[in-house]
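What the coordinates show
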Amino acid sequence: MNPKNFISVSQLKEKDFWELMETTKSLKGDLRAGKSHEVLPGKTLGMVFLKPSLRTRVSFEVGMTQMGGHAIYLGPDDIKLGERETTEDISLVLSRYVDGIMARVFEHEIIEELAEHASIPVVNGLTDFLHPCQALADFFTIYESKRELSGLKLAFIGDGNNVAHSLINAAGLVGMDFAIACPEGYEPAESVVTRVRESTEVEITHSPEEAAADADVIYTDVWASMGEEDVAGEKKGSFEGFRVDRDLLELAGSESIVMHCLPAHYDEEIAKPVAHGPNSVIFEQAENRMHTQKALLALLMSK
Ligand code: CP
Ligand code: NVA
């Protein structure tokens, strides 16, 4: 894989993406077969979290252990990024101890600053703008389920947020059609949409039904993201109706799959019977976070 860091899916060439998918398949196969795959012996990943996490924290940490390495969790109160010392100094110091940094931060500029000053690979574990590790796991999950990516239609019902942005980037990379249904004012960033429109169809609508029609994948995420607690009430009013339920799923057809990055708010953006129903691959997504991230770390950190 060419890039040194993984800050955005937009850094990847299609060749890098497929190398990641192939490596994921092989590492997942090894794990399932009980075959040791200690490809990062003695390596340490520093994990910086300024926001809560279940999947990202556990999947990176367990993944490192399975590959013969180790991960250190640095929570919001441990290093007090930007408060106790500068992002630049944290990046320089961590580069002297560990072999890779994964960070979950608020402003996207912070992860860029960490990467700018680090002499080791930096992986984006979510920012307010992007969630690229999620998109890798999601596209691997779609491929496992549909055996193809190009030409499929993904309908995203909800906020034009970090998860949506990374999915748009991934759709652009492989030529998947993308439709988003969101309330007015919650569209994805113009810069993200414009870049991929050269290669991929991106439809922006305010009708969930229109987006869901004939979709192969129905995807949703929380209405208010981490850090938006103060506007959660206001967003709740705007997003009412932007829910993945049985009626919406019917429009997509019985072969469609339902996805959510989790955590879910049942009866807000998704009905629980749909999230836990036969079309759902939500828990496969969660599992695949670990497999795809292991592939990513193996490719970035064994260099
Ligand atoms: N999907 C996801 O990133 O989950 P966590 O916030 O629990 O890490
Ligand atoms: N958009 C959500 C994703 C959580 C994994 C958030 O940023 O909170």
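What counts and how
Residues numbered from 1 in each chain as written. Chains lettered and ligands numbered in written order. Predicted model: local features only at pLDDT ≥ 70, side-chain atom pairs only at ≥ 80, totals over all residues. Heavy atoms only, no water. Near = heavy atom within 4 Å. Polar contact = N/O pair within 3.5 Å; in protein donor to acceptor, adjacent residues only side chain to side chain. Areas by Shrake-Rupley, 256 points an atom, 1.4 Å probe, with all protein chains shown as cover. Nonpolar A, V, L, I, M, F, W, Y, C, P; charged D, E, K, R; others polar. Patch = residues over 30% accessible without salt bridge, like charges linked within 9 Å, V, L, I, M, F, W, Y side chains within 5 Å. Salt bridge = Lys/Arg side-chain N within 4 Å of Asp/Glu carboxyl O. Lys, Arg positive; Asp, Glu negative; His and termini not counted. Charge placed at Lys NZ, Arg CZ, Asp CG, Glu CD. Helix = DSSP H or I, 4+ residues; strand = E, 2+ residues; numbered from the N terminus. Expected span 1.5 Å × (residues − 1). Bend = angle between axes of the 7 residues up to and from the residue. Buried < 20%, exposed > 50% of the residue type's maximum accessible area, 1.4 Å probe, protein only.

With that settled, the discussion passes to the site of ligand 2. Near ligand 2, the surroundings consist of Leu126, His131, Asn161, Asn162, Val163, Asp221, Val222, Ser225, Met226 and Leu262. Here an oxygen atom of ligand 2 and a side-chain polar atom of asparagine 162 are 2.8 Å apart. In the model, an oxygen atom of ligand 2 is placed 2.8 Å from a nitrogen or oxygen of the methionine 226 main chain. Within the complex, 95% of the 270 Å² of free accessible area of ligand 2 lies under protein. When grouped by side-chain class, the residues that make up the shell around ligand 2 number 5 nonpolar, 4 polar and 1 charged.

As a further point, take a negative patch on the surface. On the surface, Glu88, Asp89, Glu107, Glu109, Glu112 and Glu116 cluster together into a negatively charged patch. Only helix H4 (87-97) and helix H5 (108-117) provide two or more residues apiece to the negative patch. Per-element tally for the negative patch: the top contributor is H5, with 3 residues. One can find glutamate 109 in helix H5.

What follows deals with helix H13 (residues 282-301). Its 20 residues place the ends of H13 28 Å apart at the C-alpha level, agreeing with the 28 Å of an ideal helix rising 1.5 Å per residue. Largest kink in H13: about 30°, centred on asparagine 288. By the criterion of burial, H13 is predominantly enclosed, with 16 of the 20 residues buried.

Worth remembering: the numbers are spatial, not functional.
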